[in-house]
Amino acid sequence: MAKLNSEKILERVSKYQIVTFDCFDTLITRKVRKGNDVLHLLDALVSKQYHCPLHYFYKLRKRARYRLVRRNFKVDYTLDQIYRELAKISKFNQKQLDEIKKLEVQTDLRCVVPRYDVRDLYNAILARKQKIIIVSDMYYTKDIIVNLLTKCGYKGWTDILVSCEENSKKLTGSLWKKYYANNKAKSIHIGDNYLSDKFWPRRYHQPSIMLPSSYKLASASRFINPNEDIASKIIQGLIYNKCLFNTPFASKNPCDSTFKYGYAILGPLFLTFFNWMKPYIRNKQLVFFSRDGYYLQKIYKDLLNSSKNYPKNDNYYLYTSRTTVACANVTSFKDLKEITSLKTFQGHLKDFFLNRFGIVIKDEDDRYVNYVNKNYWVNKISKKYKSVILAKFKKDRKDYLAYVKKHVKKNAIIIDLGYIGTIQYYLNKLLNTNFAGLYFYKPPFNKAWRHNMVSRCCFGPSIDLHKWFIFRKTLEPFLTAPYGQFIRMNGKQPILQPCPYDNKHLKHLEQIYQGVKRFISDLANILPYDIADIKLDKKTAFNNLSKFNRLATNGYVSQDLAEVLSNEDFLTNLKRKQNFKAKRH
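Residues numbered from 1 in each chain as written. Predicted model: local features only at pLDDT ≥ 70, side-chain atom pairs only at ≥ 80, totals over all residues. Heavy atoms only, no water.

Following the criterion strictly, the structure yields 46 aromatic pairs and no others. Ring centres 6.1 Å apart and planes at 40° place the aromatic pair Phe274 and Tyr300 in the tilted group. Of this pair, Phe274 sits in helix H13 (residues 258-276) while Tyr300 sits in helix H14 (residues 293-306), placing them 26 residues apart in sequence. Comparing Phe274 with Tyr300 shows no difference in burial state: the two are buried. Ring centres 6.3 Å apart and planes at 15° place the aromatic pair Phe440 and Phe459 in the stacked group. (Phe/Tyr/Trp six-rings, centres within 6.5 Å; stacked < 30°, edge-to-face > 60°. Helix = DSSP H or I, 4+ residues; strand = E, 2+ residues; numbered from the N terminus. Buried < 20%, exposed > 50% of the residue type's maximum accessible area, 1.4 Å probe, protein only.)

Take the environment of Glu85 next. Mapped onto the elements, Glu85 comes out in helix H4 (residues 79-89). Distance in space between the C-alpha atoms of Glu85 and Asp530 is 33 Å, their sequence separation being 445 residues.

Attention now moves to the sheet that holds strand E8 (residues 285-289). The strands making up a sheet associate through backbone hydrogen bonding, with each pair oriented either parallel or antiparallel. If you walk across this open sheet you meet the five strands as E9-E8-E12-E13-E14, and the pairing is parallel. Looking at strand neighbours, the two that pair on one side only are strand E9 (315-318) and strand E14 (455-457), the edges of this open sheet. Here the strands of the sheet are splayed against their neighbours by 25° on average, with no regard to which way each runs. When strand E12 (residues 412-416) meets strand E13 (residues 436-439), the two strands line up parallel, connected through four bridges. The residue of E13 that forms the bridge with Ile414 is Gly437. With respect to the sheet, helix H19 (residues 386-407) is in contact with E8 and E9, its orientation differing from that of E9 by roughly 165°. (Pairing = 2+ DSSP bridges. Axes fitted to C-alpha atoms, helices over the stretch in contact; angles between N-to-C directions. Contact = heavy atoms within 4.5 Å.)

Once that is clear, we can look at a nonpolar patch on the surface. A surface patch of nonpolar side chains, about 360 Å² in accessible area, is lined by Leu171, Tyr194, Leu195 and Phe199. Position of Leu171 among the secondary structure elements: in the loop between helix H8 (163-166) and helix H9 (174-182). (Patch = residues over 30% accessible without salt bridge, like charges linked within 9 Å, V, L, I, M, F, W, Y side chains within 5 Å. Areas by Shrake-Rupley, 256 points an atom, 1.4 Å probe, with all protein chains shown as cover. Salt bridge = Lys/Arg side-chain N within 4 Å of Asp/Glu carboxyl O.)

Turning our attention to the nonpolar core. The biggest cluster of nonpolar side chains holds 84 residues, and the ones touching the most others in it are Leu266, Phe270 and Phe274. Sorting elements by how many residues they give to this core places H13 first, with eleven residues. Apart from residues lying up to four places away in sequence, Phe274 is in contact with Phe288, Leu296, Ile299, Tyr300, Leu303 and Tyr310. Among the nonpolar cores identified, the runner-up in size contains 57 residues, and Phe57, Leu68, Ile100 and Val162 belong to it. (Core = buried A, V, L, I, M, F, W, Y, C linked by side-chain atoms within 4.5 Å.)

As a further point, take the pairing of E8. Of all five residues that make up E8, five are buried, and the element is covered over most of its length. A two-sided burial pattern is seen for E8, the buried positions comprising Gln285, Val287 and Phe289 on one face and Leu286 and Phe288 on the other. Judged from the four bridges that link them, E8 and E12 form a sheet pairing that is parallel. Looking across to E12, one finds that Phe288 is bridged to Ile415. Where E8 meets E9, four bridges bridge the pair, whose relative direction is parallel. The residue of E9 that forms the bridge with Val287 is Tyr316.

So, in structure tokens, the structure goes:
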């Protein structure tokens, strides 16, 4: 069967006078994993407001509806009827129950979002002057559903049929029987539930179109995680229902834009990292290294804006690079030999000395070197230019040391992506101190264990280098800045290389950041408690990144995202190609 899209559906429904739509999970969805999770969110709010145990209200609310259903399962009951039944079995007084009932509707209003592609489809049908009737099994009355639909941008329907007001249900077929008896015009139905939206219409010889719900698409993609706490349910709702699988026409890799990548993949990852580091940063100055720390610091500040409880530390963005801080430690030819021992360089010596030391060597001394002969020729040329190099490093060391001492406090802690700990090592050596480092990931061959440095990581350490490659391919390309690598301080002025990215690349980086920012904001606005107080599963956050990496490696990635996820390493002079190639959709 050919995959459905909006154009095919519009063509199919064009010959019908009436198009009926299911409401929940078809026209609108919620910012929680499943519709029932709205009650879990309500339970958390009730628990906080009325000081009752968690899950107490949820169980009562479910029990009240179950008692009604046992009396007559063929009809749906209204919200008012459910709360009247709730009054018989709970300790809440009538005033409190009225407040909670109002809170339930308000909570659902906060949670609902349109399925944007379905809304476009709905509006296109409406523009053709076809009648639209919304048919739903729900305990909300028509006036509440109107508010939900209006909030999501829907209008222009001819009628709304709700099971609790019609004393019949789609699920049992009785509502369809009543509808088809009263409407003789040709109609077609669009919905997500097999029994309610496909089986019964066809039982009455009426056509229907199935649009999968966001939850069904997410389950099929294996992005769903089994965590049952309320924060996980909201996070999954934001990722799946609002972002990745909001459209029923989702591709193999639904993360097909830079904004979605930031929102659904990197947003939870960054939040997990920043919440993990909370215990280690009390009364510390946070130092973010250029260029990895450019967006890290911005996301940290966004988190502070969304949270009252997250530690509001003094923080500073430090201009630094492996080359600069290593060169600042050079006081002898022995030190110079240590920092030229990097084995991954291949290219012209002219480029090596210019990029690493800012030294221009003569053409007669230039030659192409590779992994095998690099150290021999670098040491030979270094001896020839020894006095020039050391004199330059002496001035650079003085300027950089003054800059670092002015801005980096004694209680500083380093926040960075990872991996080896080179800058942390040389910065500690320069200042004769032992700053701790907090990283996303560090492999077992980092410098910490060799030099007694305090170094912690959120997603490791691990002997599984596959993690390192995933971070390098998917996270590192984003953690950069809209300017080139830091070279040195010229007095108090930082000297930077030209920006290696064009405007299109920078725009995509900003879109990824806006996705991360929006995720944090959306989560903070819907959580029943402060965003800093949630406990996140590190394994789940990394697994989503790993899942994206696997799909992108197989070509399921947009061209824009494939282009932005590329690595360039000016230190080794090896310009990396893009990590993924967009082959499929």
